[in-house]
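Descriptive analysis of the structure
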Amino acid sequence: MENPTTTETSCGKKRTGKKRQREKTEEKKGPDGSETEEHLKRKKKCEEGATIHPVVSPMETSISLERFAIHKTLGQGSFGKVVLASDQITNKWLAMKIIDKQHLIESASSCLVERRVLEIAAGCKFLTHAYATFQTEVPTLLPYINPLFKQDRLFFAMEYLSGGDLYDYLDKNGRLDLSTTT
Ligand SMILES: Nc1ncnc2c1ncn2[C@@H]1O[C@H](COP(=O)(O)OP(=O)(O)OP(=O)(O)O)[C@@H](O)[C@H]1O
């Protein structure tokens, strides 16, 4: 597995309201390494320029945190932090967004919208997508008995994009020329 920790990322920056575009064009697979028929259909439609409608749930939701090794923090967003993780089953690197559910009381709908966008993006080569979402639920009294048990959290396991985000790139280099964008 190639080590992505040597590539430049915009670590530690907090900004709001931006969505990065996908920088890699290699084929993407689910956490089990396979590409579903639905993903392939959606990828084809996307390449043909058709409107992609959300499917019920192309993402894995029945996996747990133990499956992943967490390596370092990639950045901080409005909902929580994003860490570099590796999937110990497929051996792939990914970015994991960790959201403390207590912070979602005011913004649960924004989080659901973000999840939907990550889901719709599956199969579209210009958008970052999520492979899986899952959550941890801690019995209410456990954090008081043992502080190592943190509050309930939501996890978005997304494709890892190295090289920083589009906003930083445009900020530093100005407008992209036509050949770079196509
Ligand atoms: N898929 C990814 N691959 C690599 N780094 C990422 C990825 N997603 C996020 N990051 C890093 O984590 C930071 C925070 O991302 P996040 O999506 O939480 O917030 P944002 O898009 O910057 O802002 P907002 O939360 O308002 O949407 C980003 O600025 C980037 O440095």
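All residue numbers refer to positions counted from 1 along the written sequence of the respective chain. Owing to the predicted nature of the model, reporting of local features is limited to residues with pLDDT of at least 70; listing and counting of side-chain atom pairs is limited to 80 or more, with chain, interface and lining totals taken over all residues. Excluded from the side-chain calculations are hydrogens and water; all other atoms, namely the structure's heavy atoms, are used.

An unreviewed UniProt entry annotates the protein chain as non-specific serine/threonine protein kinase originating from Pelobates cultripes.

1. Concerning the overall build of the protein chain
Per the secondary structure count, the protein chain includes 5 helices and 5 strands. Each helix corresponds to a stretch of at least 4 residues labelled H or I by DSSP, and each strand to a stretch of at least 2 residues labelled E; elements are numbered beginning at the N terminus. The linear arrangement of helices and strands in the protein chain, starting from the amino end, is α-β-β-β-α-β-α-β-α-α. By definition in these notes, contact holds between two residues if any of their heavy atoms fall within 4.5 Å. For the protein chain, the share of sequence-separated contacts (at least 6 apart) that also reach a separation of at least 24 residues comes to 64%.

2. As for the pairing of strand E4 (residues 130-136)
With 5 of 7 residues buried, E4 lies mostly within the body of the structure. Two strands qualify as a pair provided that DSSP identifies no fewer than 2 bridges between them. Pairing of E4 with strand E5 (residues 153-159), which is carried by 6 bridges, proceeds in the antiparallel orientation. Within E5, the residue paired with Thr 136 across the bridge is Arg 153. Exposure is judged per residue with a 1.4 Å probe applied to protein chains only, and the accessible area is read against the type maximum: over 50% gives exposed, under 20% gives buried, and values in between give partly exposed.

3. Digging into the pairing of strand E1 (residues 68-76)
Sheet analysis places E1 next to strand E2 (residues 80-87), joined by 7 bridges and oriented antiparallel. Its bridge partner lying in E2, Ala 69 is registered against Ser 86.

4. Quick word on the nonpolar core
Buried Ala, Val, Leu, Ile, Met, Phe, Trp, Tyr and Cys residues that are joined via side-chain atoms within 4.5 Å together make up what is termed a nonpolar core. The biggest cluster of nonpolar side chains holds 15 residues, and the ones touching the most others in it are Leu 74, Ala 95, Ile 99, Leu 104, Cys 111, Phe 156 and Met 158. Those elements that place two or more of their residues in this core are E2, strand E3 (93-100), helix H2 (108-120) and E5.

5. Section: the pattern of salt bridges
A side-chain nitrogen of Lys or Arg and a carboxyl oxygen of Asp or Glu constitute a salt bridge if their distance falls within 4 Å. Taken as a whole, this structure holds 4 salt bridges when the rule is applied. Across the salt bridge formed by Asp 87 and Arg 67, the nearest N and O atoms sit 3.0 Å from each other. In this pair, Asp 87 is assigned in strand E2 and Arg 67 in the loop between helix H1 (37-47) and E1, connecting sequence segments 20 residues apart. Arg 67 sits in the buried class, given a relative accessible area of 14%. Measuring nitrogen to oxygen at the nearest pair gives 2.4 Å for the salt bridge that ties Lys 97 to Glu 114. Of this pair, Lys 97 sits in strand E3 while Glu 114 sits in helix H2, and the two are 17 residues apart along the sequence. Overall, Glu 114 belongs to the buried group, its relative accessible area being 10%. Linked through salt bridges whose partners overlap, the residues forming this network are Arg 115, Arg 116 and Glu 119.

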